[in-house]
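Structural overview for review
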Amino acid sequence: KNQVEQSPQSLIILEGKNCTLQCNYTVSPFSNLRWYKQDTGRGPVSLTIMTFSENTKSNGRYTATLDADTKQSSLHITASQLSDSASYICVVSARGSDSSYKLIFGSGTRLLVRP
Amino acid sequence: DAGVIQSPRHEVTEMGQEVTLRCKPISGHDYLFWYRQTMMRGLELLIYFNNNVPIDDSGMPEDRFSAKMPNASFSTLKIQPSEPRDSAVYFCASAPSGWNTQYFGPGTRLTVL
């Protein structure tokens, strides 16, 4: 069964600290993995997208890693800011035999950055 | 570019009524997606279009849900009749090609009483 599990469910950190969010998946055949940031009341915004051959990708203070062997991904946030408070969603896509795509969503990690 | 535009932003209706949600994708984007988000189920893909043609509607929960894309700049998601369990935020997203980065609209918050 295709599944994406994220941990922790929620996280509170102090401004300026680093943090790492986890995403484990059992999706086959794997196509790509995305991390989205969703501010309260807004639509998700793409942070990174990685294919099978990529093991790290950065977007400013956000760095995503992918280990296709262990089927794990992490999102590392450096020097957190108050504006990083949001939900972070991991999404894995699987490519079907008919070239269609399926998206499997994680339930998200809710991050709160305190001053 | 104004980004993906959705209307209305909020909709409150009574059970049994028809609801129509609207989306204008980013100009030039070939793919359009409809999502639903609830606290219980998170984000779910309902249907997606490629060049105005529905490709995969396996995420549409019931026959009460239907989606159309009559042209490259407009899509609708219709619920008829609506039920309280349809209450959710509905997002529309578009992508330039394939399954590249998707750009989400602000969402429509639907409340069915």
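Reading the values: rules and limits
- Residues numbered from 1 in each chain as written.
- Chains lettered and ligands numbered in written order.
- Predicted model: local features only at pLDDT ≥ 70, side-chain atom pairs only at ≥ 80, totals over all residues.
- Heavy atoms only, no water.
- Pairing = 2+ DSSP bridges.
- Helix = DSSP H or I, 4+ residues; strand = E, 2+ residues; numbered from the N terminus.
- Axes fitted to C-alpha atoms, helices over the stretch in contact; angles between N-to-C directions.
- Phe/Tyr/Trp six-rings, centres within 6.5 Å; stacked < 30°, edge-to-face > 60°.
- Buried < 20%, exposed > 50% of the residue type's maximum accessible area, 1.4 Å probe, protein only.
- Contact = heavy atoms within 4.5 Å.
- Salt bridge = Lys/Arg side-chain N within 4 Å of Asp/Glu carboxyl O.
- Polar contact = N/O pair within 3.5 Å; in protein donor to acceptor, adjacent residues only side chain to side chain.
- Disulfide = S-S within 2.5 Å.

1. Here we look at the sheet that holds strand β3 (residues 19–24) of chain B
Each strand in a sheet pairs with another by means of backbone hydrogen bonds, the pair being arranged parallel or else antiparallel. Residue and element names in this part refer to chain B. As summarised here, the arrangement of the four strands in space is β1-β3-β8-β7, forming an open sheet in which the pairing is antiparallel. The strands lining the two open edges of the sheet, one partner per strand, are β1 (5–7) and β7 (65–71). The sheet shows a mean angle of 15° between the axes of neighbouring strands, taken without regard to direction. Judged from the three bridges that link them, β1 and β3 form a sheet pairing that is antiparallel.

2. Some thoughts on the packing of aromatic side chains
In the structure shown here, the tally under the stated rule is ten aromatic pairs over all chains. Relative to F104 of chain B, the ring of Y36 of chain A has its centre 5.5 Å away and its plane inclined at 85°; by these criteria the two rings are edge-to-face. Taken together, the residues Y36 of chain A in strand β4 (residues 30–38) and F104 of chain B in strand β10 (residues 103–104) connect one chain to another. Consider the rings of Y35 of chain B and F104 of chain B, whose centres lie 5.1 Å apart with planes at 35°: the pair is tilted.

3. A word on the side chain of S31 of chain A
All names here are of chain A. Counting through the fold element by element, S31 comes out in strand β4. The exposure class of S31 is buried, given its relative accessible area of 18%. Excluding residues that lie within four positions of it along the chain, S31 makes contacts with T51, F52, S93, A94, R95 and Y101.

4. Focus on the sheet that holds strand β3 (residues 19–26) of chain A
Residues and elements named next belong to chain A. Strand order in this open sheet of five strands is β1-β3-β8-β7-β6, and the pairing throughout is antiparallel. Among the strands making up the open sheet, the edge pair consists of β1 (3–7) and β6 (56–59). Taken pair by pair, the neighbouring strands of this sheet meet at an average axis angle of 15°, ignoring direction. Across six bridges, the pairing between β3 and strand β8 (residues 72–77) is antiparallel. Note that in β8 the partner of T20 across the bridge is H76.

5. So, the pattern of salt bridges
Residues and elements named next belong to chain B. The final tally for this structure, using the stated rule, is twelve salt bridges over all chains. We note a salt bridge from E44 to R41, for which the minimum N-O separation is 2.8 Å. A residue is classified by how much of its surface remains accessible, and R41, at 57% relative accessible area, is exposed. Each of E62, R64, E83, R85 and D86 takes part in one network of salt bridges that share partners.

6. So, the environment of S85 of chain A
All names here are of chain A. With respect to the secondary-structure elements, S85 resides in the loop between β8 and β9 (86–95). Sequence-distant contacts of S85, defined by excluding residues within four places in its chain, comprise D39, L111, L112 and V113. A polar atom in the side chain of S85 sits 2.8 Å from the backbone nitrogen of V113.

7. Considerations on the state of the cysteines
By definition, a disulfide links the sulfur atoms of two cysteines through a covalent bond. All names here are of chain A. According to the stated counting rule, one finds two disulfides over all chains in the structure shown. Bridging C23 to C90, the disulfide has an S-S length of 2.0 Å. With the S-S dihedral at roughly -65°, the linkage between C23 and C90 falls on the left-handed side. Here C23 is found in strand β3, whereas its partner C90 is found in strand β9, with 67 residues between them in sequence. Accessibility expressed as a relative area gives 0% for C23, which makes it buried.

8. As for the pairing of strand β5 (residues 42–50) of chain B
The two faces of a sheet get side chains in turn, since along a regular strand they alternate between them. All names here are of chain B. Burial runs high along β5: eight of the nine residues are buried. As paired strands, strand β4 (residues 31–38) and β5 are joined by eight bridges and run antiparallel to one another. If you follow Y31 over to β5, its bridge partner there is N50. The turn linking β4 back onto β5 is made up of three residues. In the sheet, β5 pairs with strand β6 (residues 53–56) via three bridges, with the strands oriented antiparallel.

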